[in-house]
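# A look at the structure
Spelled out, the chains give:
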Amino acid sequence: MLAVSDLTVSYGQANALQNVSLRVDDGQIVALIGRNGAGKTTLLKAVSGLLPIRSGSVQIDDTILNGTKDGTAYNTPAHKIIGMGVGHVPQGRQVFSDQTVEDNLILGGYLIRNNKQLLQERMEREYNRFPRLLERRKQLAGTLSGGEQQMLAMARALIMDPKVLLLDEPSMGLAPLYVKLVLDTILDLKKQGVTILLVEQLATAALAISDYAYVLQNGDIVIEGESSKLRNDPALIQTYLGVS
Ligand code: ATP
């Protein structure tokens, strides 16, 4: 379970998020949607420890990763947060283009590099999950299609067995066929028991595959609810998301 409570994050004087609270229960896909600049990427980066928190807290199960709770301050650096159950697939995928698929996966397993057997088992698991990556394991990641790079970025994060997987705009820049492939993959991950916080510009698609959703506007959660209800509310989608 991921819980974000009363989170405020600022760039200089300007708050990018104000008192944002959300929760991702185990086994769920939760969508975070909103227009450009709403603060979605900022929230994911704050959860992963890539941005400092001004107030509020980020918690995984019973462990507070960052922020302040009940008067105690917590400050876990990003590299430790990876080992504590947060997998982050960044916007634009950011695979290591001049390294092979296999080397990208090995880098994803950096924290378990000394346990060769475990690393090998985890890599085999990811190759089973994404057979396309097995076929291309000796290929440079930069030569993969955008959709395949997205699979690689997911597999690289999944190697560490995260309690929650953060996906930042996985459909961005992909051809329609690959958008569908990526959305199907996210649903498959859920069936395999992976817990997901999904940031997506494609609001309708995000609502179609998620259990619960939050709409972010100018750093505030303005609407939240079960995705099945929100997706049948065209006025809401038009008002807050500007799409139909
Ligand atoms: P997008 O879909 O465009 O990535 P987003 O919802 O993810 O949008 P953020 O990238 O989190 O939004 O940005 C939230 C706000 O913070 C925006 O007003 C943005 O201009 C501002 N912002 C983001 N990064 C920085 C930064 N490094 N320095 C200053 N302001 C920033």
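All figures in this text were calculated on a predicted structure; none of them were measured in a lab.

### Focus on the environment of Gly-27
Position of Gly-27 among the secondary structure elements: in the loop between strand 2 (14-24) and strand 3 (29-33). Taking the C-alpha atoms as reference, Gly-27 lies 23 Å from Lys-80; in sequence the two are 53 residues apart. With near-sequence residues (within four places) excluded, Gly-27 lies in contact with Lys-190, Val-194 and Thr-195.

### Re the site of the ligand
Around the ligand there are 13 residues in total, and Gly-37, Gly-39, Lys-40, Thr-41 and Thr-42 lie nearest to it. Ala-38 places a main-chain nitrogen or oxygen 3.0 Å from an oxygen atom of the ligand. With respect to the ligand, the backbone of Gly-39 contributes an N or O atom lying 2.9 Å from an oxygen atom. Starting from 630 Å² of accessible surface for the ligand in isolation, the protein chains cover 55%. Counting residues per element, the shell around the ligand draws most heavily on helix 1 (residues 40-47), at 3 residues. Taken together, the residues of the shell around the ligand sort by class into 3 nonpolar, 7 polar and 3 charged.

### Regarding the sheet that holds strand 8 (residues 164-168)
Paired through their backbone hydrogen bonds, the strands of a sheet run either parallel or antiparallel. Taking strand neighbours across the sheet as the criterion, the 6 strands line up as 7-8-9-3-10-11 in an open arrangement whose pairing is mixed. The outermost strands of the open sheet, each flanked by one partner alone, are strand 7 (86-89) and strand 11 (220-226). Within this sheet the neighbouring strands show an average axis-to-axis angle of 15°, counted without direction. In this structure, strand 3 lies alongside strand 10 (residues 212-217), joined through 4 bridges in parallel fashion. Bridge pairing in strand 10 links Ile-33 to Val-215. Sitting on the sheet, helix 1 is in contact with strand 3, strand 7, strand 8, strand 9 (196-200) and strand 10, with an inclination near 150° to strand 8.

### Looking at the packing of helix 6 (residues 146-158) against helix 7 (residues 176-191)
At a minimum axis distance of 9 Å, the contact between helix 6 and helix 7 shows a crossing angle of 20°. By the angle between their axes, helix 6 is roughly parallel relative to helix 7. As for the relative orientation of helix 6 and helix 7, their crossing is right-handed in sense. Residues Gly-147, Gln-150, Met-151, Met-154 and Leu-158 of helix 6 pack against Tyr-178, Leu-181, Val-182, Thr-185, Ile-186 and Leu-189 of helix 7. Split by residue class, the contact of helix 6 with helix 7 holds 8 nonpolar, 3 polar and no charged.

### Re unusual backbone geometry
The phi dihedral of Asp-70 falls on the positive side, at around 50°, and the residue is not glycine. Turning to its location among the elements, Asp-70 is positioned in the loop between strand 5 (63-69) and strand 6 (72-75). The backbone of Gln-94 sits at a positive phi, close to 50°, despite the residue not being glycine. The topology assignment puts Gln-94 in the loop between strand 7 and helix 3 (101-108). Overall, Gln-94 belongs to the exposed group, its relative accessible area being 52%.

### A few points about the side chain of Ser-227
With respect to the secondary-structure elements, Ser-227 resides in helix 9 (residues 227-230). Within the local environment of Ser-227, its side chain forms a polar contact with the backbone nitrogen of Tyr-212, the two atoms lying 3.1 Å apart. Filtering out sequence-adjacent residues up to four positions away, Ser-227 remains in contact with Leu-207, Ser-210, Asp-211, Tyr-212 and Ala-213.

### With respect to the packing of aromatic side chains
This structure, assessed with the given rule, holds 1 aromatic pair. Positioned above the aromatic ring of Tyr-110, the side-chain terminus of Arg-113 is 3.9 Å from the ring centre.

### Describing the pairing of strand 10
In terms of strand pairing, strand 10 meets strand 11 through 6 bridges, oriented antiparallel. In the sheet register, Leu-216 faces strand 11, and the bridge partner there is Ile-221.

### Some remarks on a nonpolar patch on the surface
Together, Ile-82, Tyr-110 and Leu-111 give the surface a local cluster of nonpolar side chains, amounting to about 280 Å² of exposed area. Looking at the element boundaries, Ile-82 is found in helix 2 (residues 78-83). For Ile-82, a relative accessible area of 40% puts it in the partly exposed group.

The rules behind each value
Residues numbered from 1 in each chain as written. Predicted model: local features only at pLDDT ≥ 70, side-chain atom pairs only at ≥ 80, totals over all residues. Heavy atoms only, no water. Helix = DSSP H or I, 4+ residues; strand = E, 2+ residues; numbered from the N terminus. Contact = heavy atoms within 4.5 Å. Near = heavy atom within 4 Å. Polar contact = N/O pair within 3.5 Å; in protein donor to acceptor, adjacent residues only side chain to side chain. Areas by Shrake-Rupley, 256 points an atom, 1.4 Å probe, with all protein chains shown as cover. Nonpolar A, V, L, I, M, F, W, Y, C, P; charged D, E, K, R; others polar. Pairing = 2+ DSSP bridges. Axes fitted to C-alpha atoms, helices over the stretch in contact; angles between N-to-C directions. Parallel < 35°, antiparallel > 145°, perpendicular 65-115°, else oblique. Left-handed = near helix turned anticlockwise from the far one by under 90°. Buried < 20%, exposed > 50% of the residue type's maximum accessible area, 1.4 Å probe, protein only. Phe/Tyr/Trp six-rings, centres within 6.5 Å; stacked < 30°, edge-to-face > 60°. Lys NZ or Arg CZ within 6 Å of the ring centre and 35° of its normal. Patch = residues over 30% accessible without salt bridge, like charges linked within 9 Å, V, L, I, M, F, W, Y side chains within 5 Å. Salt bridge = Lys/Arg side-chain N within 4 Å of Asp/Glu carboxyl O.

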